[in-house]
Every structure is written in structure tokens, then in C-alpha cells.
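Breakdown of the fold
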Amino acid sequence: MNADRDDERYQDILKKIAEGRPFGSRRREPLPQTPHDRALDRINAVDALAQLARRDYRHALCYGPKSLRGPAWSAALVWYHHKGYHGYQTLYLLGVWAHYDEDRIILSIAERQLPYRAPVYDAGVYRVAIRNNFSLYYGDPGGPPDGGDNLLHRCRFQESERLTHRQTLRELVGQWQLKLERS
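A brief report on the enclosed structure follows. From a predicted model like this one, the values you see are computed outputs, not experimental measurements.

Quick look at the side chain of His165 now. With respect to the secondary-structure elements, His165 resides in helix H6 (residues 162–182). Of the residues examined, His165 reaches a relative accessible area of 9% and is grouped as buried. Those residues in contact with His165, other than ones at most four positions away along the chain, are Ile43, Leu107, Cys155, Arg156, Phe157 and Gln158.

Structure representation (C-alpha cells):
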């Protein structure tokens with residue numbers, strides 16, 4: 001009888017570890033999906049970008065992907081900086097943004113450059129913190145690209161064209177990966 005209880009407790013511990021939440025903490029309720037989130041989900045934006053962060057690059061460190069959300073946009077992003085002591089000075093974002101243009105949802109795929117904005121640089125702390133978030137050091141919430149960014153693709157999101165959107169995203173991610181491997 002005691003062995004059954006031990007086995008149940010063991011299974012419960014394994015389940016909590018798999019869920020990735022601390023023991024005794026409440027489960028976080030997911031935020032409801034916005035139309036922007038659904039558009040990114042329909043084109044598998046996070047999955048398309050995930051392969052970039054899994055690779056080792058000779059001259060760069062790549063992190064992500066991460067889903068971000070603003071008042072009228074959602075994004076799936078990866079970010080990288082060049083290796084070496086001064087590589088932190090510029091961070092590069094590659095992302096897919098779903099945002100409004102009047103009453104239509106627009107998909108933008110772009111590369112953005114962010115200058116380092118924190119008052120001091122501590123290599124050890126930076127190395128750990130940058131893996132999960134870039135906004136602390138670069139002062140940018142990851143919003144949609146503007147005129148100063150490298151816009152790779154922009155189109156109106158249409159559900160009937162989602163497979164075409166996926167293919168375009170896959171092709172651009174492949175090109176970006178080759179560029180990163182060559183640099």
C-alpha cells in the first residue's frame with residue numbers, strides 16, 4: 001500500500017517537472033489568443049524560427065524564439081549578436097509580426113538592429129539574461145518594423161493563403177540562416 005502512494009507521488013513529481021513550473025506554484029492561465037496571435041499560429045511562425053536558434057554558428061550566438069505581444073501586434077522573434085567581447089553592442093532581431101493596417105492584418109518579416117542601451121556591461125550577467133529576453137539591455141519591446149528596419153517581406157494575411165505565407169517564411173528563414181552561417 002505504501003509503495004503505491006510512493007509511486008503516485010513520484011509520478012506527480014515527474015508531471016510537475018514536465019510542466020516546467022515550480023512545486024507549489026499555481027498554473028499560469030494562458031492569455032486568450034488575439035487575431036494577431038492566430039495569424040502567426042496559422043503560419044507556424046515560432047516553429048519556422050526555432051530551427052535558427054538550435055544551430056551553432058561560427059561567428060554568432062542566436063537565441064529564441066520568443067512570442068511577444070503589444071496592444072495592436074504580436075510577434076515571433078529570434079535574436080543574435082556577434083561572438084566576442086564587443087559583440088553585445090548590436091543585437092539583431094529576425095521576426096514575423098502580425099499587426100493592423102487600418103482594418104486588415106498585415107504580416108511583416110523583417111530584420112531589426114538594436115543598439116545596446118544599458119548603462120553598464122557585465123559579460124557574465126549579460127550572457128545569462130540575454131538567452132531569455134533582450135528588452136532589458138536594448139530598451140525595445142520588439143514591436144513591428146518601421147522605416148529604418150530591413151523589411152524582407154510584407155503582405156496582407158489571408159487565411160486562404162496561409163500555406164503560401166508559410167512557404168515564404170520558410171524561404172526567408174533559409175536565406176537568413178545562410179547569411180548568418182557565412183558571416
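Next comes the rest of the description.
The tally for this structure, following the rule as stated, stands at 15 aromatic pairs. Measuring from centroid to centroid gives 3.6 Å for Tyr88 and Tyr121, while their planes differ by 5°, and the two rings are stacked. Here Tyr88, found in the loop between strand S2 (73–82) and strand S3 (90–101), pairs with Tyr121, found in the loop between strand S4 (104–115) and helix H4 (123–129); they are 33 residues apart in sequence, far enough to count as distant. Among the residues examined, Tyr121 registers a relative accessible area of 21% and is labelled partly exposed. Aromatic ring contacts, followed pair by pair, group Tyr85, Tyr88, Tyr116, Tyr121, Tyr126, Tyr137 and Tyr138 into a single cluster.

Conventions adopted
Residues numbered from 1 in each chain as written. Predicted model: local features only at pLDDT ≥ 70, side-chain atom pairs only at ≥ 80, totals over all residues. Heavy atoms only, no water. Helix = DSSP H or I, 4+ residues; strand = E, 2+ residues; numbered from the N terminus. Buried < 20%, exposed > 50% of the residue type's maximum accessible area, 1.4 Å probe, protein only. Contact = heavy atoms within 4.5 Å. Phe/Tyr/Trp six-rings, centres within 6.5 Å; stacked < 30°, edge-to-face > 60°.

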